[in-house]
Amino acid sequence: MTQSDDELDSLVRKRIRALRVAQGWSLEDLATRARLSPSSLSRIENGQRRLALDQLVTLARALDTSLDQLVQTDTDDVVSHPVADGVHGLRWSVKADPGLSVVRKRMTDPPSDHPARLRAHPGREWFVVLSGTAVLLLGDRRFRVETNQAAEFPTMLPHAIGAEGGPCEVLGIFDRDARRGHRSDDKPPPQER
């Protein structure tokens, strides 16, 4: 066994114990769910018993997780750096779901109530106001979202977001469809005829 195998073994054992404790379960509770004896589970958690694949599968199910999550080791890229995005400001990709992006944007103008500037597209958006007051136009409704308040909405409703009474800074989470629907935000509205 190499050092990395020992580290993985130790990590999995700690993870099993941490997941059990987070559920508020005793050794007996998890042992019953996993069809193990409490002493076997204790020896597994403490490194006194070999980890067998069939036991890991059973323990993962009992802990309501997957085997992949139980043995996952990819923690090298914990810190991510933003990408400058001309449409949204700063954008971070979320690794857990490659379709999600986190966006930080500073706004100074109120939302345009011009019908052509209200966007509607597949997807879902969530944002929290970090400072100032944001205005969310959603269909025919107008919402004030103040510092530390959040809003979540389906993006199939025509919508626009802007500032009220001065600069506003928001942190938003866009799914893939919502992000795609905002790529053309910087284009001027079409001329009315």
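Residues numbered from 1 in each chain as written. Predicted model: local features only at pLDDT ≥ 70, side-chain atom pairs only at ≥ 80, totals over all residues. Heavy atoms only, no water.

**Concerning the pattern of salt bridges**
Now for step 1: Evaluated as defined, the whole model comprises seven salt bridges.
Now for step 2: As a salt-bridge pair, Glu-45 and Arg-20 come within 2.7 Å of each other at their nearest N and O atoms. Of the two residues, Glu-45 is situated in helix H3 (residues 38-46) and Arg-20 in helix H1 (residues 3-22); the sequence distance between them amounts to 25 residues. Grouping residues by exposure puts Glu-45 and Arg-20 together as buried. (Salt bridge = Lys/Arg side-chain N within 4 Å of Asp/Glu carboxyl O. Helix = DSSP H or I, 4+ residues; strand = E, 2+ residues; numbered from the N terminus. Buried < 20%, exposed > 50% of the residue type's maximum accessible area, 1.4 Å probe, protein only.)

**With respect to the sheet that holds strand E6 (residues 141-146)**
Backbone-to-backbone hydrogen bonds pair the strands of a sheet. The strands run either parallel or antiparallel.
Now for step 1: Ordered in space as E6-E5-E8, the three strands form an open sheet in which the pairing is antiparallel. In this open sheet, the two strands that pair with only one neighbour each are E6 and strand E8 (159-163). Here the average twist between neighbouring strands, direction ignored, is 20°.
Now for step 2: Two elements, strand E5 (residues 133-138) and E8, share five bridges in a ladder whose sense is antiparallel. Looking at the pairing, Leu-138 lines up with His-159 of E8. (Pairing = 2+ DSSP bridges. Axes fitted to C-alpha atoms, helices over the stretch in contact; angles between N-to-C directions.)

**Quick notes on the pairing of strand E9 (residues 168-174)**
Now for step 1: Buried residues dominate E9, accounting for five of its seven residues.
Now for step 2: Pairing between strand E3 (residues 101-107) and E9: seven bridges, direction antiparallel. Directly across from Met-107, in E9, lies its bridge partner Cys-168.
Now for step 3: Where strand E4 (residues 124-131) and E9 come together, six bridges link them in antiparallel fashion. Each residue of the ladder has a partner; that of Ser-131, found in E9, is Glu-169.

**Points about the packing of helix H2 (residues 27-34) against helix H4 (residues 53-62)**
Now for step 1: Their axes nearest at 8 Å, the elements H2 and H4 cross at an angle of 115°. Classed by the angle they form, the pair H2 and H4 counts as roughly perpendicular. Taken as a pair, H2 and H4 cross one another with a handedness that is right-handed. On H4, the residues that touch Leu-30, Arg-33 and Ala-34 of H2 are Thr-58, Leu-59 and Ala-62. (Parallel < 35°, antiparallel > 145°, perpendicular 65-115°, else oblique. Left-handed = near helix turned anticlockwise from the far one by under 90°. Contact = heavy atoms within 4.5 Å.)

**Side note on the packing of H2 against H3**
Now for step 1: The geometry of H2 relative to H3 is characterised by a closest axis approach of 8 Å and an angle of 105° between their N-to-C directions. On the basis of the axis angle, H2 is roughly perpendicular to H3. Only Pro-38, Leu-41, Ser-42 and Glu-45 of H3 make contact with H2, whose side of the interface consists of Leu-27, Glu-28, Leu-30 and Ala-31.
Now for step 2: In terms of residue class, the contact of H2 with H3 is built from five nonpolar, one polar and two charged. (Nonpolar A, V, L, I, M, F, W, Y, C, P; charged D, E, K, R; others polar.)

**Things to note about unusual backbone geometry**
Now for step 1: Unusually for a residue other than glycine, Arg-35 sits at a positive phi of about 55°.
Now for step 2: Relative to the helices and strands, Arg-35 is located in the loop between H2 and H3.
Now for step 3: Positive phi outside glycine occurs at Asp-64, with the angle close to 55°.
Now for step 4: Tracing the backbone shows Asp-64 in the loop between H4 and helix H5 (67-71).

**Quick word on the environment of Lys-105**
Now for step 1: With respect to the element layout, Lys-105 can be found in strand E3.
Now for step 2: When the C-alpha positions of Lys-105 and Glu-169 are compared, they lie 5.7 Å apart, and in sequence the two are 64 residues distant.

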